[in-house]
Structures are given as C-alpha cells and as structure tokens.
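Descriptive structure summary
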Amino acid sequence: MQAQRILGQIRAGQSPHAEDLTWFAQGLGDGRISDAQAGAFAMGICRNGLDMAATVALTKAMRDSGEVLQWDLPGPVVDKHSTGGLGDAVSLVLAPLLAACGLYVPMLSGRGLGHTGGTLDKLEAIPGLVTELPQDALARITGQTGCAIAAASPQIAPADARLYALRDETATVESLPLIVASILSKKLAGGASALVLDVKGGSGAFMQTREAAKELARALVETAQGCGLPTRALITDMNQPVAPAIGNALEVIEVLDVLRAPRPEQRLCQLSLALAGEVMVLAGQVESAEQGARQALTKLTDGSAAERFADMVMAQGGPGDFLERSQAYLPQAPVARPVLAGDAGKIAVIDGRALGQVVMMLGGGRARAGEAIDPSVGLSAVAGLGTPVDAQTPVAVIHARSEAEADEAEAAVRAGFQIAQIGVAPPLIHGRAG
Ligand code: URA
C-alpha cells in the first residue's frame, strides 16, 4: 500500500517525504515497483512538480539505488556534464585539460541518441579504444593519467535507468524535477567532489530557449548543492554547433586541433577553458573562473593537455602514437562533398536539429539505443552564424559512405542554413548559475 499512498500524494500535488521517496527509488531499482506504478509516478511529477526538498530527496534516493563510487586519489576529483548538443566534444578536451591542471577526472559518459552525439561514440572513433572499463581499471587509469572517460555500469543509479526508459514511453521526459534527479543521481554516484555543468539552450539543444536553459541550470545547481555537491553551471548557446564538425571521427579531429593549436576565440576551445575555470574554483585551485581559464590555457599551449589526452587514449587501449599519426588511425568516409550556400549574404539561422538528423541519416547517429553507428560520416567545416557567404561558398562538407547518401543529404544540409542580409554570431556563454 505504500506505493499507492505515495502516488496519491503526488496526484494531489503534495511532495512526498524523503523516506517515502527513498523507498520508492529503491523499489524502482530492485523491481518492487511495477511499470504501472513507475509510469504513474513519472506522470504525477510531470503534471504537479516536486518542491526543492523532495527533488533533493529523490535525487539522493536515486543515487543510492545503486553503487556510489569512492575515490582515493592525491588531488580533487571533479566531473562535468553537458545537457547535450551538436559538435559538442568538450569532454574530450576538458578531461585531459583538467588532468594537466592537477585535478582528477574519472568521467562517466553516455552514448548518443537522436540528433545529439555522445562522448563515448566520439572516443570510440579511435581504433582499439575501450570505454567499457571495470571500476578498478577506471581507478587505475585515472590515477596514472589524471583522467579516464568510460561508460557508466548498470550498477550506477539503476532507478534512473528504469525511470528514464519509462519516461520516454509515457511522454514525461519534459519534467524539470525528473530531468534534474536523472542527471544528478548519475553524477553524484560517480563520486566527484565538484561538478561543472554546461546547460545548453537553442535550436540544437534539449532546452530550446535560453530561458528554459536558465531555469534548468538553476534547478540543477540548487539540487546538486542540496545534495552536498559543490556545483556551478554555464548557460551556453546551442544555436550553432560548438565545433565546426558533427560526426564522431570528425569531432575528434576538432579536439586534436584544440589540443595541438589552441585558439581561445574558437568555440570548442573557449567553452573548454570557461568550464575548466569554473570547476577549478570549486576545487579550490584558483580564486576566480577567469584565473582558472587563464591557467588552463597555459596547459593547452605548453602541450601538457595534449600529452594527457595521448596517455588516456593509450591507457584505454588506443594507439600509442595517436597524436602523431591520428590521420592514419581515424576512419575516413569515401565521399567528401562540399555543400554550396547557393545565395549571398550572411548565415542568419542554423537548424541544428536538422543538421543532427542529416548526420543520423548518413549513419553517424542512432535512433534507438544499441544501434551500430559509422564513426567516419558527418559534416565538417560547418560555417558559423554571421559568416559572410556568396552563392559558391561552401557552408559544410558532407562525409558519406556513398554518392547516393551524399545526394540525399545535400538538400537537407542546404536547407539547414538560412542566409539573409543580417546574420549575427550570438555569444557562446549567456550566463552562469551557482
Ligand atoms: N539526460 C538525462 O540523463 N536525463 C534526463 O532526464 C534528460 C537528459
């Protein structure tokens, strides 16, 4: 009867007590709660919300539904989460960058689903590299190189795995307390002592507007802090891809570009430095995020972040000379075709979702969990907002498995760019929470 009582409270718009939410989350993890009860729980919260105390309690309870990792490392252990976007390979730059700054980053990441990519898929574009790491290997590699990027095991927040799958089926993905508890339960279970969040707003993001992204950022930071995890969030723009490439191997090339020849005005570099600065403040390394970002830039320019990246790649099973011979290792699609703007003016709008869908159609993303993907395909040299073009200027290059697939993608890519007299590049960082 306890489940019915809790569901009745949620139906009436009351937030259940912490002990009840703990009981319910444990039941989600161990199967005591039925699918019908789990669906009703998600729908009730989606309709009526939860207050902050209950959101904190649910988040902690979902964290405790499985294993919570503990770290014994000689420096601060930090983590990062992004709400997902296009050309967002920040984690691949940030983890080795923070390691070069003296922090430890055992990062548990996910695979791509739908139009946005996943960090594990990007890394797995590197031949031989393994992301399914047992916990002792994750700890050993993090201890040795300062960073590792791996898949979360099924023992991490099993209540979330159950509820997340159900939310998709029950049209309850769009619920702020459920999103917050879902994201943070997994991050808290990762055992870091400080967290930085990149909450994206815009056409290519989960949150389509800046306001919605701000609201999510505030809720995430307040809840994480309520759970005892020092956290800051940057609210960032997703009206254009972060890096000028979308597709797994193509994004790794962009990561290498930042690691080898950093240009702070370039978005992937700028965002990595800004997030590094925020988490360095939380870890007590620096007084201000700006100071942290400056310190991090020195680790890019002196090559030490690149070295950490190379060490991580090798430790996770990738080639020992990846940095020197990346071109020989990264898969290349047989067809590379530029798409011309077809009009003169400035790039005024980029339909990120549409470009992400093109990459899926080319075979670079998955519609369903578990589907195989082709790491070689995607888009490169994606022109940014505000770029002046004439009819013959390429706005992107399609990388496809065949001429027929490139044909199919071409019109969709061109339609993904609107060209007008006025086109302005929006600021990458809109604000911060925490
Ligand atoms: N990502 C998650 O992990 N959970 C959500 O609910 C939404 C995005």
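Rules behind the numbers
Residues numbered from 1 in each chain as written. Predicted model: local features only at pLDDT ≥ 70, side-chain atom pairs only at ≥ 80, totals over all residues. Heavy atoms only, no water. Helix = DSSP H or I, 4+ residues; strand = E, 2+ residues; numbered from the N terminus. Buried < 20%, exposed > 50% of the residue type's maximum accessible area, 1.4 Å probe, protein only. Pairing = 2+ DSSP bridges. Axes fitted to C-alpha atoms, helices over the stretch in contact; angles between N-to-C directions. Contact = heavy atoms within 4.5 Å. Expected span 1.5 Å × (residues − 1). 1 Å grid on protein atoms, 1.4 Å probe; cavity = no way out; pocket = protein on both sides within 12 Å on 5 of 7 lines; lining within 4 Å. Points joined across faces, edges and corners; volume = space filled by probe spheres on them. Nonpolar A, V, L, I, M, F, W, Y, C, P; charged D, E, K, R; others polar. Domains from an automatic or database assignment. Near = heavy atom within 4 Å. Polar contact = N/O pair within 3.5 Å; in protein donor to acceptor, adjacent residues only side chain to side chain. Areas by Shrake-Rupley, 256 points an atom, 1.4 Å probe, with all protein chains shown as cover. Phe/Tyr/Trp six-rings, centres within 6.5 Å; stacked < 30°, edge-to-face > 60°. Lys NZ or Arg CZ within 6 Å of the ring centre and 35° of its normal.

1. A short note on unusual backbone geometry
In this structure, Ala157 is a non-glycine residue whose phi angle is positive, near 45 degrees. Note that Ala157 resides in the loop between β3 (147–151) and α8 (158–169). Within the chain, Ala381 stands out as a residue other than glycine whose phi angle is a positive 50 degrees. Relative to the helices and strands, Ala381 is located in the loop between β8 (378–380) and β9 (388–389). The partly exposed category is assigned to Ala381, whose relative accessible area is 47%.

2. Section: the sheet that holds β8
Strands sit in the order β6-β10-β8 across an open sheet of three strands; the sheet is antiparallel. At either end of the open sheet lies a strand with only one pairing partner, and these are β6 (335–340) and β8. Direction aside, the axes of adjacent strands within the sheet are offset by 30 degrees on average. As paired elements, β8 and strand β10 (residues 394–400) share three bridges and run antiparallel to each other. Paired with Leu379 across the strands is Ile398, a residue of β10. Across the sheet, helix α17 (residues 403–415) is in contact with β6, β8 and β10; its angle to β6 comes to roughly 25 degrees.

3. Remarks on helix α13 (residues 289–301)
In this model α13 runs 18 Å from its N-terminal to its C-terminal C-alpha over 13 residues, within 8% of the 18 Å that 1.5 Å per residue would give. Tucked into the core, α13 has its buried residues touching α5 (90–100), β5 (231–237), α11 (248–260), α12 (267–282), α14 (304–315) and β12 (429–433). Looking at the residues trailing α13, positive phi occurs at Gly303, about 85 degrees.

4. A short note on empty space enclosed by the protein
The final tally for this structure, using the stated rule, is one cavity of 30 Å³ or more. Within this model, the largest cavity holds a volume of roughly 150 Å³. If you go around the largest cavity, you meet 23 residues; those closest to its centre are Thr116, Gly117, Val359, Gly364 and Gly365. Elements with a minimum of two residues in the lining of the largest cavity: α6 (119–123), α11 and α16 (352–361). Residue contributions to the lining of the largest cavity peak at three residues, all from α16. Among the residues making up the lining of the largest cavity, the classes are represented as six nonpolar, 13 polar and four charged.

5. Brief notes about the domain arrangement of the chain
Under the domain assignment, the chain is made up of domain 1 (2–63), domain 2 (78–315) and domain 3 (333–420). Taking only C-alpha atoms into account, the centre of domain 1 sits 43 Å from that of domain 3.

6. Here's the deal with the site of the ligand
As a matter of local geometry, the ligand sits amid Tyr164, Arg167, Ile179, Ser182, Ile183, Lys186 and Phe206. Residue Arg167 places a side-chain N or O atom 2.9 Å away from an oxygen atom belonging to the ligand. Here Ser182 contributes a side-chain N or O atom positioned 2.6 Å from a nitrogen atom of the ligand. A total of 230 Å² of accessible area belongs to the ligand in isolation, and the protein chains cover 87% of it. Where the shell around the ligand is concerned, the elements lending two or more residues are α8 and α9 (176–189). Per-element tally for the shell around the ligand: the top contributor is α9, with four residues. Here the shell around the ligand is composed, by residue class, of four nonpolar, one polar and two charged.

7. Description of helix α1 (residues 2–11)
For α1, the full list of buried residues reads Ala3, Ile6, Leu7, Gly8, Gln9 and Ile10. Of the surrounding secondary structure, the elements contacted by the buried residues of α1 are α2 (18–30) and α3 (35–48).

8. Brief notes about the sheet that holds strand β4 (residues 194–201)
Either a parallel or an antiparallel arrangement is found when strands of a sheet pair, and the pairing is made through backbone hydrogen bonds. Taking strand neighbours across the sheet as the criterion, the four strands line up as β1-β4-β5-β12 in an open arrangement whose pairing is mixed. Edge strands, defined here as strands with exactly one partner in the open sheet, are β1 (78–82) and β12. Across the sheet, the mean angle separating the axes of adjacent strands is 20 degrees when strand polarity is ignored.

9. Overview of the side chain of Thr116
By the element assignment, Thr116 lies in the loop between β2 (105–109) and α6. Filtering out sequence-adjacent residues up to four positions away, Thr116 remains in contact with Gly84, Gly85 and Gly204.

10. Topic: the packing of aromatic side chains
In the structure shown here, the tally under the stated rule is two aromatic pairs. Aromatic side chains Phe24 and Phe41 sit 4.2 Å apart centroid to centroid with 15 degrees between the ring planes, which places their arrangement in the stacked category. One end of the pair, Phe24, is in helix α2; the other, Phe41, is in helix α3, with 17 residues separating them in the sequence. Assigned by exposure class, Phe24 and Phe41 land together as buried. Measuring from centroid to centroid gives 6.3 Å for Phe322 and Tyr329, while their planes differ by 40 degrees, and the two rings are tilted. You can call Tyr329 partly exposed: its relative accessible area is 25%. We note Lys186 situated over the ring of Tyr164; from NZ or CZ to the ring centre the distance is 5.2 Å.

11. Remarks on the layout of surface pockets
Its volume calculated, the second largest pocket comes out at about 210 Å³. Examining the composition of the lining of the second largest pocket, we find that five residues originate from one element, α11, more than from any other. Grouping the amino acids of the lining of the second largest pocket by side-chain chemistry returns seven nonpolar, five polar and one charged. Both domains that furnish three or more residues to the lining of the second largest pocket are identified here as domain 2 (78–315) and domain 3 (333–420).

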